[in-house]
Amino acid sequence: LARVLPTPAIPPQRFAPIGHPDRYAAAALRRAADAVAAAPAGTRNMTLYREARALARLVDARTIDAALAPAARHAGLDPNEVRRTIASATRAVRP
């Protein structure tokens, strides 16, 4: 069947620039902090890593730390663990 049917052409994707990058980053930081603060036990460190890694594409490590560290500590993570996890996540994106 694959030999009979032609492969459909995939149209090129057009990405519109973000109109207000500062507002986009602020919203992403708030959403990430909420996700970290609400993460259930057993998923908190992984949630922190995932959110920090996603944010590292948008903002610098200090901004990530300022937004996520209080949420992670509120969730019960150790401050040293929080610092190491955020550093690891940002290094994964910006070696």
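Structural data are supplied above this passage.
Structural notes, computed from the coordinates. (Residues numbered from 1 in each chain as written. Predicted model: local features only at pLDDT ≥ 70, side-chain atom pairs only at ≥ 80, totals over all residues. Heavy atoms only, no water.)

Helices and strands together make up the secondary structure of the protein, namely four helices and zero strands. The linear arrangement of helices and strands in the protein, starting from the amino end, is α-α-α-α. With 95 residues in all, the protein has 27% of them scored as buried. Across the protein, contacts joining residues at least 24 apart in sequence account for 66% of those joining residues at least 6 apart. Of the roughly 7,000 Å² that the protein leaves accessible, carbon and sulfur atoms contribute 57%. (Helix = DSSP H or I, 4+ residues; strand = E, 2+ residues; numbered from the N terminus. Buried < 20%, exposed > 50% of the residue type's maximum accessible area, 1.4 Å probe, protein only. Contact = heavy atoms within 4.5 Å. Areas by Shrake-Rupley, 256 points an atom, 1.4 Å probe, with all protein chains shown as cover.)

Let's shift gears to the environment of alanine 41. Within the fold, alanine 41 resides in the loop between helix H1 (21–38) and helix H2 (44–55). Residues alanine 41 and glycine 76, spaced 35 residues apart in sequence, show a C-alpha to C-alpha distance of 8.7 Å.

The final tally for this structure, using the stated rule, is two salt bridges. A salt bridge links arginine 31 to glutamate 51, with the nearest nitrogen and oxygen atoms 2.7 Å apart. Taken together, the residues span a long stretch of sequence, with arginine 31 in helix H1 and glutamate 51 in helix H2 at a distance of 20 residues. By relative accessible area, glutamate 51 is classed as buried at 6%. The partner of arginine 50 in a salt bridge is glutamate 51, and the shortest N-O contact between them spans 3.7 Å. With relative accessibility at 45%, the residue arginine 50 sits in the partly exposed group. (Salt bridge = Lys/Arg side-chain N within 4 Å of Asp/Glu carboxyl O.)

Right, let's get into the packing of H2 against helix H4 (residues 79–93). Between H2 and H4, the least distance of the axes is 8 Å, while the angle of their chain directions is 40 degrees. As judged from the angle between their axes, H2 and H4 are oblique. In this structure, H2 crosses over H4, and the sense of that crossing is right-handed. Within the contact between the two elements, H2 uses Asn45, Leu48, Tyr49, Ala52 and Arg53 and H4 uses Glu81, Val82, Thr85, Ile86, Ser88, Ala89, Ala92 and Val93. The residue makeup of the contact of H2 with H4, split by class, is eight nonpolar, three polar and two charged. (Axes fitted to C-alpha atoms, helices over the stretch in contact; angles between N-to-C directions. Parallel < 35°, antiparallel > 145°, perpendicular 65-115°, else oblique. Left-handed = near helix turned anticlockwise from the far one by under 90°. Nonpolar A, V, L, I, M, F, W, Y, C, P; charged D, E, K, R; others polar.)

Take the packing of helix H3 (residues 61–75) against H4 next. Axis separation between H3 and H4 bottoms out at 10 Å; the angle between their running directions is 140 degrees. Viewed along their axes, H3 and H4 form a crossing whose handedness is right-handed. Touching Ala61, Ile64, Asp65, Leu68, Ala69, Ala72 and Arg73 of H3 are Pro79, Val82, Ile86 and Thr90, all from H4.

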